[in-house]
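Chain by chain, the residues run as shown.
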Amino acid sequence: MTFTPHGKHLIGGDWIGTEERFLSSPAHGAAHGFSVGTLALVDAACQAAEEAFWSYGYSSREARAAFLNAIADEIEARAEAITEIGTQETGLPEARLQGERGRTTGQLRLFAEHILKGDYLDRRHDKALPERQPLPRPDLKMVQRPIGPVAVFGASNFPLAFSTAGGDTAAALAAGCPVVVKGHSAHPGTGEIVAEAVHAAIAKTGMHPGVFSLIQGGNREVGTAVVQHPLIKAVGFTGSLSGGRALYDLCAARPEPIPFFGELGSVNPMFLLPEAVRARGDAIGKGWAGSLTMGAGQFCTNPGIAVVLEGAEADAFVEAARAALSETGAQVMLTDGIAEAYRRGADVMASQAGVQDLITSMCDRREAKPFLFKVAAADWLGNHALSEEVFGPLGLVVVAKDVAEMERVARSLAGQLTTTLHMDAGDADLARRLLPVLERKAGRILANGFPTGVEVADSMVHGGPYPASTNFGATSVGTLSIRRFLRPVCYQNMPDGVLPADLA
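A brief look at the structure comes next. Note that the structure is predicted; figures quoted are calculated from it, not measured.

Observations regarding the packing of helix 4 (residues 94-117) against helix 5 (residues 167-175)
Look at helix 4 against helix 5: their axes get within 9 Å of each other, and the N-to-C directions meet at 25°. Classified by the angle their axes make, helix 4 and helix 5 are roughly parallel. When the axes of helix 4 and helix 5 are compared, the crossing they make is right-handed. The residues of helix 5 that touch helix 4, namely those facing Gln107, Leu108, Phe111 and Ile115, are Gly167, Ala170, Ala171 and Ala174.

Given below as structure tokens:
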């Protein structure tokens, strides 16, 4: 079926339009008009979320699981229409949108299953010891409880899995927290149709209509108003370092500071150890090229840096990567702004002292082609600009003169989402030397793989030390992400008949 957006906001169960409108900027197909968010709509959405919390925050896990599964059902019922408008708005291929839709519904169903198990509640009980000397011990019971309304900012690069009903929304709803979504203007029609799916699930399961709201468009004042609203108790964000840091600072500056869970990007360095390069440098180079260019390099786990020891084997690896990248044609980027930022980033990289151009490209308008650069580790260590993320299919090879210099590169890294060791059996000693450094730098460490592609599972960590994310103890992917929207509450000498149902 074909979906034509009506361009309204979903606020506490009602679709509401505003006088000011903006046009979408699709990669292909017709542009559509959408209402611009306002401060009044932000307040109405937050008030509705607070009202919903008094029922939803105390609902049963069974009821919330049914709601999450109903959202997944309604998204799947709109599958073809979601793919159609998603590809139009973002330029992403149909197969990518179909896969991302499956990931989105999979996340919702995973959280439904997770909360039914109840392990996330971390229930603890210290029984009373009335006879203990010198003082008796009271009866103490602890459980994780939802924190209240949560704001979620849609991501530009994942119109489904990290946006309207994506991982942050699924985790918050699973925890018992109503959600106010600030939609991303890169794909407002996709946001709207997914919001319709959530709206239908609310009606189907009898949830309070304030449990979910979507605010479209608006200037920075609207985003500011969302994170500063006194009823919002946490914020989930996936996006740029500059935008995320601005929102983080706003959250910290509130009269009541709240946690800001921002995933802000990463260069995801790979360390190519000598035995692996000697045995299969060509294959690693080709694999790196494929990972760099997947989705036009618009993944937060894009492996932008490869660190290798100098020598003939390193040269062969670089040549294999260069040859594979040279065969990659132009790809459409998500927005004109992202394409322009990519071109600027490549220009900055090319202008740095000691940087050698291996592939330079001409990129037109919204398209991107690969860039490949090489630099000595000594020059890289002395220039922070070379370690900054360029969002797109750009790779930088850092050539170290010896193992000690490779380790200095590892120690100098800022926080990352991922790091990777390409290694063979003969590299084990060096891998053991590097691993303690890398685990202080990243939330996920890979061996002999490429980090693009984040499995949604209990063990996954998608986060890391700053600036990869703003909370090194959290993840935005996997069931552990529910912990962001919970807080422990202890009940002392509380009668069983009064306790929350999860403790009774």
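Some thoughts on empty space enclosed by the protein
Per the stated rule, a full pass over the model turns up three cavities of 30 Å³ or more. By volume, the largest cavity is sized at about 120 Å³. Every residue lining the largest cavity is counted, 16 residues in all, and those nearest its centre are Val267, Gly304, Glu389, Val390 and Leu394. Approximately 100 Å³ is the volume attributed to the second largest cavity. Along the walls of the second largest cavity sit 15 residues, with Phe261, Gly262, Glu263, Ser476 and Arg484 positioned nearest its centre. Among the elements of the structure, strand 10 (234-238) and strand 11 (260-263) are those that each provide at least two residues to the lining of the second largest cavity.

Remarks on the sheet that holds strand 6 (residues 140-146)
Sheet architecture is open: three strands sit in the order 5-6-21, paired in antiparallel fashion. Only two strands of the sheet have a single neighbouring strand rather than two, namely strand 5 (124-126) and strand 21 (486-492). Taking each pair of neighbouring strands and ignoring which way they run, the sheet shows an average axis angle of 25°. The pairing of strand 5 with strand 6 spans three bridges and is antiparallel. Within strand 6, the position partnered with Arg124 by the bridge is Met142.

Things to note about the sheet that holds strand 15 (residues 356-359)
With respect to topology, seven strands assemble into an open sheet ordered 15-17-18-13-12-19-20, the strand pairing being mixed. Edge positions in the sheet fall to strand 15 and strand 20 (442-447), since each of these pairs with one other strand and no more. On average, adjacent strands in this sheet sit at an angle of 20° to one another, irrespective of strand direction. Taken together, the six bridges between strand 17 (residues 371-376) and strand 18 (residues 394-400) define a ladder with parallel strand orientation. Opposite Val375, over in strand 18, you have Val398 as the bridge partner. Helix-sheet contacts for helix 14 (residues 428-439) involve strand 12 (270-272), strand 19 (416-422) and strand 20, and the interaxial angle to strand 20 is about 155°.

Structural notes on the pattern of salt bridges
Per the counting criterion, the structure on display carries 22 salt bridges. Across the pair Asp73 and Arg109 runs a salt bridge, and its minimum N-O distance is 2.6 Å. Pair noted here: Asp73 is in helix 2 (residues 61-77) and Arg109 is in helix 4, with a separation of 36 residues, a long-range link. Looking at Asp73, the relative accessible area reads 34%, which means it is partly exposed. Across the pair Arg411 and Glu407 runs a salt bridge whose closest N-O atoms are separated by 3.0 Å. A residue pair is termed a helical-turn pair when its members lie 3 or 4 positions apart in one helix, as Arg411 and Glu407 do in helix 13 (residues 403-412) at four residues. Under the relative-accessibility criterion, Arg411 is labelled exposed at 53%.

What counts as what
Residues numbered from 1 in each chain as written. Predicted model: local features only at pLDDT ≥ 70, side-chain atom pairs only at ≥ 80, totals over all residues. Heavy atoms only, no water. Axes fitted to C-alpha atoms, helices over the stretch in contact; angles between N-to-C directions. Helix = DSSP H or I, 4+ residues; strand = E, 2+ residues; numbered from the N terminus. Parallel < 35°, antiparallel > 145°, perpendicular 65-115°, else oblique. Left-handed = near helix turned anticlockwise from the far one by under 90°. Contact = heavy atoms within 4.5 Å. 1 Å grid on protein atoms, 1.4 Å probe; cavity = no way out; pocket = protein on both sides within 12 Å on 5 of 7 lines; lining within 4 Å. Points joined across faces, edges and corners; volume = space filled by probe spheres on them. Pairing = 2+ DSSP bridges. Salt bridge = Lys/Arg side-chain N within 4 Å of Asp/Glu carboxyl O. Buried < 20%, exposed > 50% of the residue type's maximum accessible area, 1.4 Å probe, protein only.

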